[in-house]
Structure formats: C-alpha cells, structure tokens
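# Observations on chain architecture
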Amino acid sequence: MDTDSSRVESATNLSGLRGSVLALVAVADTEEALEQLRTELLGKKGQLTQAMKELGSLPVEQRKEAGQALNLIKTEVEQALSQRIASCAAERREAALQSEWIDVTLPVSAPLFTSTGTQHCLTRVRRELEEIFRSMGFRVVDGPEVEKEYYNFEALNIPATHPARDMQDTIWTTDGNLLRTHTSAMQVRALERLEPPLRIVGPGRCFRYERLDASHEHTFYQMEGMMIDRDVSIPNLIYFMKRLLREIFGSEQKIRLRPGYFPFVEPGFELDIWFQGRWLELLPCGLVHPRVLESSGIDSSQWQGFAFGLGLSRLVMTRYQIDDIRYFQSCDLRFLKQFA
Ligand code: FA5
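Residues numbered from 1 in each chain as written. Predicted model: local features only at pLDDT ≥ 70, side-chain atom pairs only at ≥ 80, totals over all residues. Heavy atoms only, no water.

### Things to note about the overall build of the chain
- The number of helices and strands found in the chain is 12 helices and 10 strands.
- In terms of overall size, the chain is more extended than a compact globule, its C-alpha atoms giving a radius of gyration of 40 Å where 340 residues would be expected to give roughly 20 Å.
- With the C-alpha coordinates of the chain rotated into their principal frame, the extents come out at 120 × 50 × 35 Å.
- Put simply, the chain has 340 residues, and 42% of those count as buried.
- Considering only residue pairs separated by 6 or more positions, the chain has 66% of its internal contacts joining residues 24 or more positions apart.
- Accessible surface, the chain as shown: approximately 19,100 Å² in total, 53% of it carbon and sulfur.
- The average position of the 40 basic charges and that of the 47 acidic charges among the side chains of the chain differ by 4 Å. (Helix = DSSP H or I, 4+ residues; strand = E, 2+ residues; numbered from the N terminus. Rg over C-alpha atoms; globule rule 2.2 N^0.38 Å. Buried < 20%, exposed > 50% of the residue type's maximum accessible area, 1.4 Å probe, protein only. Contact = heavy atoms within 4.5 Å. Areas by Shrake-Rupley, 256 points an atom, 1.4 Å probe, with all protein chains shown as cover. Lys, Arg positive; Asp, Glu negative; His and termini not counted. Charge placed at Lys NZ, Arg CZ, Asp CG, Glu CD.)

Shown next as structure tokens:
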C-alpha cells in the first residue's frame, strides 16, 4: 500500500477493521453462523455499513481514498463469506453421505435366505406346458399385452360391428389401442412372421372388463396354440388336446366337447372340464378359419390348421383344486406358500 493510503487507513483504522472481520469469517463454522455474520457486517446496521457512514466525518481529501479502501474490504469480506458458506455446505453434504453409506458388497446375513421366494403356481404350470409343447415340436412365442385392434379383432375375422366383440368386454387405452382380451392376437402375429408349416404356443396375460366371480378375473392367463400344415383336420386337434390334458393331469379327466362359436375357427368347439361338481369352460378350439389364413397371405387351399385358447388360470385351478381364481392375484402368502 502506498504512503497516502496508509495514512488514510491509520486515520480510520481500516487495516485493523479488515483483519478483525476476516478473522471472524474464518472461525465461523456453520452456514447459519456465516449468514448471521453477513448481517452483522454488511446488513443495514452492520459494522462495515456503519464504518462507511462514519467516513462522512473525515476531511474531504481523505474521504475519497478511505471510501475506496473500505469498498475493497467489503468486497473481500463478501467473497470470503461466500467461499466459507460453500465449503461448509460441501462438508455438510459429505458428512450426510458418510452417515447414510451402505456397503452393498457385505454378505447378507443367513436368516434372510430362509424367506427366499418361489415360483407362482401359474408360472410353474406355464413352464411345464411350454416344455410339453416344445417336446411336440411347438415353438413358444410372445406378443404385446397392449395390442392393436387389428391383431386382437379385425385380422381374426371379428370386424367392429361383430357381436363376438360383446363376448369380450374390452379395456381401451386412450390412444385407441387395447389391453388384449385373448392370446389369439398372437396367432395373427405368428402367421405374419412365420412360414407354414408351423406350430406355436403363446402364453400370456389377458384383460377383460368382467363381472368378477370364482372363475372370472379381470386379469387372467391363457395359452394360445396353433398348428398349420397340410391336411390338418379335427382328429389332429383332438389328439393334441387329449395329450395336453393327460400330460398335465397325469390321469384321465372328465371332459366334454361341444360346438362353440368363434369367428376365427370353423368348425369351433368348447372343451369343458368337470370341476367341483360343475362344467368349467377350459379349452376352446377349432380349425383355423380360411379367411384368417388368407388375410395373412397363406393359401388356404394348400394349408389348414387348428388353434386353441387354453384358459391357463382355470387349468391351474383344476389341477390344484383351487376353488377361487381371485387367490392368484391376492398376494396372500398363506395361499402362495402352499406351492413353495
Ligand atoms: C377366447 O378367448 C378365444 N380366443 C379362444 C380360442 C382360441 C378359440 C383359438 C378358438 C381358437 P374365450 O373367451 O372363451 O375364448 O376364452 C378362452 C378361455 O379363457 C375360457 O375357456 C376360459 O378358460 C378362459 N377365460 C375367459 N375369460 C376369463 C376370465 N375372465 N377369467 C379367467 N379365465 C377366463
């Protein structure tokens, strides 16, 4: 500092003031304490604000230089305060991180393993079915749960005005798509993608706006099946249906076959199973309607096929003697643990 400003400093003791306020900033160790200090130094009645006011009593020739020096001190103090506040905030965040830190690599204590989950009975039977069908030359396919109207209805010979749509109360999405009401949508996707001869099964979740009861859920599982080849006929269909049931139940079941109506098969059948004193619709099926084949570009004079839509949730009910379909999605551990 030059001789003149030294004079000014000594006149107003600015040097001492600078040292003492910077020392206060250096020792304040929380963000709150520093904010408090900011008010005490730079606020309306703050120490430096007061010092600025007092400059008015100095002789004119000293006032200007002392004012400049005091402004420099104020800027220096403001910077020091901001830096200290930032570093206190960083220290606080680091401390919080340290106290919340969890070592995810530590081994899990043994008792937790005793409550490991298990496969849901629906998953277990679905996988069994997939294996059975794989062993018979079928390929397992998948399809979207949010489906286009075309795949769920139109391509299956169910136009907008068709009464069959009333049989499947549909849940629509706001963008004009729908939650698939049946796995039959996968038939169309498979016919589009694969060349005949083909054998596919497509398990999956279906959704309907239903009146719920012991055998009707809003969300349930089906497994679609389809075989397209030359000279496929009803005896082939019946052979595969019987084989499926024999493999799953391991014994003869009381079943009945009756005519059934589905616009995408001709002829169509309903296969019902005797369960807890009544007939339960389980396995509708039929020969693929020529129009479905033709709309996917397959020559129906060369190729025929059968299709079925197994009610997978209901099959699991009959297999394990579960008397209410709503248990499947109840998340009731007393129910689920029976299949552990
Ligand atoms: C169909 O969904 C046809 N797509 C089946 C089909 C496929 C026919 C291929 C011909 C050829 P349906 O609506 O009947 O058909 O349903 C088939 C099966 O799904 C029923 O037999 C029943 O076992 C099961 N199911 C239907 N609705 C429900 C529901 N709300 N809750 C539980 N299971 C259901």
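### Some thoughts on the domain arrangement of the chain
- In terms of domain boundaries, the chain breaks down into domain 1 (14–100) and domain 2 (121–339).
- For domain 1 versus domain 2, the distance between C-alpha centres works out to 78 Å. (Domains from an automatic or database assignment.)

### Examining the pattern of salt bridges
- On inspection of all chains with the given rule, the structure shows 14 salt bridges.
- Here R243 makes a salt bridge to E247, at a shortest N to O gap of 3.2 Å. In this pair, R243 and E247 both sit in helix α9 (residues 234–249), four residues apart, roughly one turn of the helix.
- We note a salt bridge from R334 to D332, for which the minimum N-O separation is 2.8 Å. (Salt bridge = Lys/Arg side-chain N within 4 Å of Asp/Glu carboxyl O.)

### Quick notes on the site of the ligand
- What surrounds the ligand is a group of 25 residues, the closest being H182, S184, R208, E210 and E217.
- Q222 is positioned with one of its side-chain polar atoms (N or O) 3.1 Å from an oxygen atom of the ligand.
- For the ligand, an oxygen atom lies 2.9 Å from a polar atom in the backbone of E281.
- In isolation the ligand exposes 670 Å². Once the protein is present, 96% of that is buried.
- Only β5 (219–229) and β10 (304–311) provide two or more residues apiece to the shell around the ligand.
- No other element matches β10, which puts four residues into the shell around the ligand.
- For the shell around the ligand, a count of residues per class yields 10 nonpolar, nine polar and six charged. (Near = heavy atom within 4 Å. Polar contact = N/O pair within 3.5 Å; in protein donor to acceptor, adjacent residues only side chain to side chain. Nonpolar A, V, L, I, M, F, W, Y, C, P; charged D, E, K, R; others polar.)

### Notes on the state of the cysteines
- In total, this model carries zero disulfides according to the counting rule given.
- Between C331, a cysteine without a disulfide, and C121, which holds the nearest cysteine sulfur, the sulfur-to-sulfur distance is 12 Å.
- Given the relative accessible area of 64%, C331 is considered exposed. (Disulfide = S-S within 2.5 Å.)

### Let's talk about the pairing of β5
- Most of β5 sits inside the fold, with nine of its 11 residues counted as buried.
- The pairing of β5 with β10 spans eight bridges and is classified as antiparallel. Bridge pairing in β10 links M223 to L310. (Pairing = 2+ DSSP bridges.)

### Topic: the packing of helix α6 (residues 121–135) against helix α11 (residues 312–320)
- Where α6 contacts α11, the two axes come as close as 10 Å, and the packing angle between them is 100°. The pairing of α6 with α11 is recorded here as roughly perpendicular in orientation. Here C121, L122, R124, V125, R126, E128 and L129 of α6 lie close against α11, whose contacting residues are L312, S313, L315, V316, R319 and Y320.
- Tallied by class, residues from the contact of α6 with α11 come to eight nonpolar, one polar and four charged. (Axes fitted to C-alpha atoms, helices over the stretch in contact; angles between N-to-C directions. Parallel < 35°, antiparallel > 145°, perpendicular 65-115°, else oblique.)

### Quick word on the pairing of strand β4 (residues 198–207)
- The element β4 is extensively covered by neighbouring structure, given that eight of its 10 residues are classed as buried.
- Strand direction decides the pairing type here: strand β1 (residues 139–140) and β4, joined by two bridges, are parallel. Bridging from a neighbouring strand, R139 pairs with I200 of β4.
- Where β4 lies against β5, 10 bridges are found, and the strand directions are antiparallel. Residue R199 lies in a different strand from β5, and its bridge partner there is M227.

### Thoughts on unusual backbone geometry
- Residue P197 follows P196 across a cis peptide bond; omega there is 5°.
- Among the secondary structure elements, P197 is positioned in the loop between α8 (185–193) and β4.
- Here the bond from E266 into P267 is cis, since omega is 0°, no more than 30 degrees from zero.
- Note on placement: P267 falls in strand β7 (residues 265–275).
- With phi around 65°, N157 is a residue other than glycine that occupies positive phi space.
- Tracing the sequence through the fold places N157 in the loop between α7 (149–152) and β3 (178–179).
- A positive phi angle, close to 60°, is found at C331, a residue other than glycine.
- Tracing the chain through its elements places C331 in the loop between α11 and α12 (333–336).

### Looking at the packing of aromatic side chains
- Per the stated rule, a full pass over the model turns up 12 aromatic pairs.
- For the pair F133 and F138, a centre-to-centre distance of 5.1 Å together with 75° between the ring planes defines the contact as edge-to-face. The same class applies to F133 and to F138, which are both buried.
- Judged by centre distance (6.0 Å) and plane angle (45°), the rings of F262 and F264 are tilted. This pair shows no difference in class: F262 is buried, exactly as F264 is.
- Among the aromatic residues, those joined into a cluster by ring pairs are F133, F138, Y239, F240, F306 and F308.
- Here the guanidinium or amino end of K254 rests over the ring plane of W274, the centre of that ring lying 4.3 Å away. (Phe/Tyr/Trp six-rings, centres within 6.5 Å; stacked < 30°, edge-to-face > 60°. Lys NZ or Arg CZ within 6 Å of the ring centre and 35° of its normal.)

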